[in-house]
Amino acid sequence: METRPVVTGTVRPVRRARGARLAGDRPVPTPRAEIDASWERVLRIGVDPEQSPGSELLEMDEIEHRRRTSALGGVMPVLRDGLAAIADAAQQILVVTDPEGRVLWRQGHAAVMRRAKDICLEEGAAWSESTTGTNAIGTALATRTPVQVHSAEHFIRALHGWTCAAAPVRDPRDGKLMGIVDISGPASTFHPATLALVGSVASLAEGEMRARHLVAIERLRSVAAPILCRLGGRALVVDGHGWLAAVSGMPPVDRLPLPKSLGPGRVWLASLGMCRVEPLPGGWLVQVAEGQRDAPPRRVVLDLSRSRGLVAHVAGPVGTWTVRLSPRHAELLYALAVHREGRTAAELAQDVFGDPTRTVTVRAEISRIRRHLAEVLAHRPYRFGEDVEVEVVHPDQPEDLLPRSTAPVVLGARASTHRV
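The structure displayed is predicted, hence computed values, not measured ones.

Undergrad: Provide a residue-level description of empty space enclosed by the protein, including the pertinent values.
TA: Taken as a whole and assessed by the stated rule, the structure comprises 3 cavities of 30 Å³ or more. Its volume calculated, the largest cavity comes out at about 70 Å³. Ile119, Leu121, Trp127, Asn135, Ala136, Ile137, His154, Leu159, Trp162, Cys164, Asp182 and Ser184 together form the lining of the largest cavity. Residue assignment for the lining of the largest cavity shows that the elements contributing at least two residues are helix 7 (136-143), strand 4 (162-170) and strand 5 (177-186). When its residues are assigned to classes, the lining of the largest cavity shows 8 nonpolar, 3 polar and 1 charged.

Undergrad: Tell me what's going on with the packing of helix 9 (residues 327-338) against helix 10 (residues 345-353), and back it up with residues and numbers.
TA: Running from amino to carboxyl end, helix 9 crosses helix 10 at an angle of 120°, the nearest separation of the two axes being 10 Å. Compared by their axis directions, helix 9 and helix 10 come out oblique. In this structure, helix 9 crosses over helix 10, and the sense of that crossing is right-handed. Between helix 9 and helix 10, the contacting residues are Arg328, Glu331, Leu332, Ala335 and Leu336 on the first element and Leu348, Asp351, Val352 and Phe353 on the second.

Undergrad: Got a sec to walk through helix 3 (residues 60-69)? Specific residues and values, please.
TA: Residues lying three or four places apart along an α-helix face the same way, a consequence of the helix completing one turn every 3.6 residues. Inspection of helix 3 places Ile63, His65, Arg66 and Arg67 among the buried residues, and these make up the whole buried set. Packing partners of the buried residues in helix 3 comprise strand 2 (103-108) and helix 11 (359-373).

Undergrad: Residue-level account of the environment of Glu64, with values.
TA: Examined against the element boundaries, Glu64 turns out to sit in helix 3. Owing to a relative accessible area of 28%, Glu64 belongs among the partly exposed residues under this scheme. Spatially, the C-alpha atoms of Glu64 and Leu104 are 8.2 Å apart, while their sequence positions differ by 40 residues.

Undergrad: A description of the environment of Ala33 should follow, citing residues and the corresponding values.
TA: With respect to the helices, strands and loops of the structure, Ala33 is situated in helix 2 (residues 33-45). C-alpha of Ala33 to C-alpha of Leu272: the two residues are 239 residues apart in sequence and 46 Å apart in space.

Undergrad: Which residues make up the pairing of strand 1 (residues 93-97), and what values go with them?
TA: Within strand 1, 5 of the 5 residues are buried, leaving the element largely enclosed by the surrounding structure. What sits between strand 1 and strand 2 in their antiparallel hairpin is a turn of 5 residues, with Gly101 showing a positive phi close to 85°.

Undergrad: Any chance you could break down the packing of aromatic side chains for me, citing the residues and the numbers?
TA: Two numbers describe a pair of aromatic rings. These are the distance of the centres and the angle of the planes. Here the structure, examined in full by the defined rule, presents 0 aromatic pairs. Here Arg358 stacks its cationic end above the ring of Phe353, 3.9 Å away from the centre of that ring.

Undergrad: Provide a residue-level description of the sheet that holds strand 1, including the pertinent values.
TA: Strand order across the open sheet formed by 5 strands is 2-1-5-4-3, with antiparallel pairing between neighbours. Across the chains shown, the open sheet's two edge strands, defined by having one partner strand only, are strand 2 and strand 3 (147-150). The average angle at which neighbouring strand axes cross in this sheet is 15°, direction not considered. Helix-sheet contacts for helix 7 involve strand 1, strand 3, strand 4 and strand 5, and the interaxial angle to strand 5 is about 150°. Contacts between helix 8 (residues 194-230) and the sheet are confined to strand 3, strand 4 and strand 5, with strand 4 contributing the most and set at about 25° to the helix.

Undergrad: Describe the side chain of Glu331, naming the residues involved and giving the relevant values.
TA: The residue Glu331 is located in helix 9 in this model. Apart from residues no more than four positions distant in its own chain, Glu331 is found in contact with Val352, Leu402, Ser405, Thr406, Ala407, Val409 and Val410.

Undergrad: How would you sum up unusual backbone geometry? Please name residues and give values.
TA: A cis geometry characterises the amide bond from Arg380 onward to Pro381, with omega recorded as 0°. Looking at where Pro381 falls in the secondary structure, it is placed in the loop between strand 14 (377-378) and strand 15 (383-384). In this model, Cys120 sits at a positive phi of 65°, which is unusual for a non-glycine residue. Relative to the assigned elements, Cys120 resides in the loop between helix 5 (110-116) and helix 6 (129-132). Taking relative accessible area as the criterion, Cys120 reaches 8% and is therefore assigned buried.

Undergrad: Can you tell me about helix 4 (residues 76-89), naming the residues and giving the values?
TA: With 14 residues, helix 4 should cover 20 Å at 1.5 Å per step; its first-to-last C-alpha distance of 19 Å lies within 8% of that length. At Leu83, helix 4 shows its maximal bend, which comes to roughly 35°. Of the positions making up helix 4, those classed as buried are Met76, Leu79, Gly82, Leu83, Ala84 and Ala87. Just downstream of helix 4, Gln91 is the residue with a positive phi angle, here 60°.

Undergrad: Tell me about the nonpolar core, and please be specific about residues and values.
TA: If you look at the biggest cluster of nonpolar residues, it comprises 38 residues, and the most contacted ones within it are Leu304 and Tyr334. Counting only elements with at least two residues in this core, the list comes to strand 11 (299-303), strand 12 (311-316), strand 13 (319-324), helix 9, helix 10, helix 11, strand 16 (389-393) and helix 12 (408-414). Among the elements that line this core, the one with the most residues is helix 9, at 7 residues. Sequence-distant contacts of Leu304, defined by excluding residues within four places in its chain, comprise Leu310, Ala330, Tyr334, Val392, Val393, Pro395, Leu401 and Leu402. In this structure, Val14, Ile137, Leu159 and Ile180 belong to the second largest nonpolar core, which totals 32 residues.

Undergrad: Please provide a residue-by-residue account of the confidence of the model for the protein, values included.
TA: Caution applies to low-pLDDT parts of the model: their predicted coordinates are not meant to be read in detail. Summarising the model, the protein shows a mean pLDDT of 88, and 92% of its residues fall at 70 or more. When mean pLDDT is taken per element in the protein, helix 7 scores highest with 97 and helix 1 (residues 11-22) scores lowest with 71. Low pLDDT, under 50, characterises residues 1-5; the predicted model gives this stretch 9 contacts beyond four residues in sequence or across chains.

So, how was this worked out
Residues numbered from 1 in each chain as written. Predicted model: local features only at pLDDT ≥ 70, side-chain atom pairs only at ≥ 80, totals over all residues. Heavy atoms only, no water. 1 Å grid on protein atoms, 1.4 Å probe; cavity = no way out; pocket = protein on both sides within 12 Å on 5 of 7 lines; lining within 4 Å. Points joined across faces, edges and corners; volume = space filled by probe spheres on them. Helix = DSSP H or I, 4+ residues; strand = E, 2+ residues; numbered from the N terminus. Nonpolar A, V, L, I, M, F, W, Y, C, P; charged D, E, K, R; others polar. Axes fitted to C-alpha atoms, helices over the stretch in contact; angles between N-to-C directions. Parallel < 35°, antiparallel > 145°, perpendicular 65-115°, else oblique. Left-handed = near helix turned anticlockwise from the far one by under 90°. Contact = heavy atoms within 4.5 Å. Buried < 20%, exposed > 50% of the residue type's maximum accessible area, 1.4 Å probe, protein only. Pairing = 2+ DSSP bridges. Phe/Tyr/Trp six-rings, centres within 6.5 Å; stacked < 30°, edge-to-face > 60°. Lys NZ or Arg CZ within 6 Å of the ring centre and 35° of its normal. Expected span 1.5 Å × (residues − 1). Bend = angle between axes of the 7 residues up to and from the residue. Core = buried A, V, L, I, M, F, W, Y, C linked by side-chain atoms within 4.5 Å. pLDDT = per-residue confidence, 0-100.

Next up, the structure:
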């Protein structure tokens, strides 16, 4: 969308236009189209132009969880290299948010970072239009287009001393919005080229993700080739977003539509009919079910016999693979192996931390585990799947089970001769 450039000399007319709009009159002169549309939206929402820009901050555990699960985390070096040094030199700051407009990262000029706290432009703050009125982050979220907001173009008066330019970043694999990259600073630091710079760096980040996706597809293709050679009938190997890595016995497609919640087993896919889906590292094997017998159950061997070599071996119909475990993930999986009936987040928090209130941390860690073991883990409650055979390999001596762990579930196991 083509936008009219921001001209700093027009701030006074913009203030008059804003005052007219707040009074319910037709503003003359009219503001830029994207600003006028944003003012209209926030007026309908009921944002108070005299309110504080403050918002309730997310807890640090939740911020860390969102950072770990955001694809933007992998391209933060690109964003920092492209914008952070420039922002620092220009007395501005780089801000990166999630798709809800929550600030996950910020970096830049130290004095401006301190000043930004006065308007709650800090980690965990909400910057959608519904929370903070017209601003570059929130308006870019609302329109899905790059936008620059300067001084009195902000709906909330407390932000009139600021200028900001923001652009959306989309996941090239599925087109979904991943977040917003923004440059903000005092109004005196305004530069008309800032918006073009932010948009270019956002495009670079998307290009980096596209390149990583191609590498991941090539890696999955190398895994798929020997598997498809052993199988008969029609089969595809796709990544988690349905992009094709390999195909056998049928014409290739660019992308296979997958259900939002996909798990191993028999699944009806609209384009193929009944299929058997099995996990692969980085994707899925999809076999068109043509009178095939049910696959044998999956098996997980949780090897805790060596404190420095904690692993989970996963076996399925198409092969086996190994996932290395951190001590925390080993504790969580051990708790689930002990309690095959399943555990709530609060119960796992008690098992691992001795504190049932630490559910946010548990959910974050389980989310990370499921990146590699989603095919054998179920939720609500958290548990190993009913058809999954689980074996725990213990050390020779009970006291050597995760020796550095203080998790109650592990301490209890060390104190007894119980074996899972």
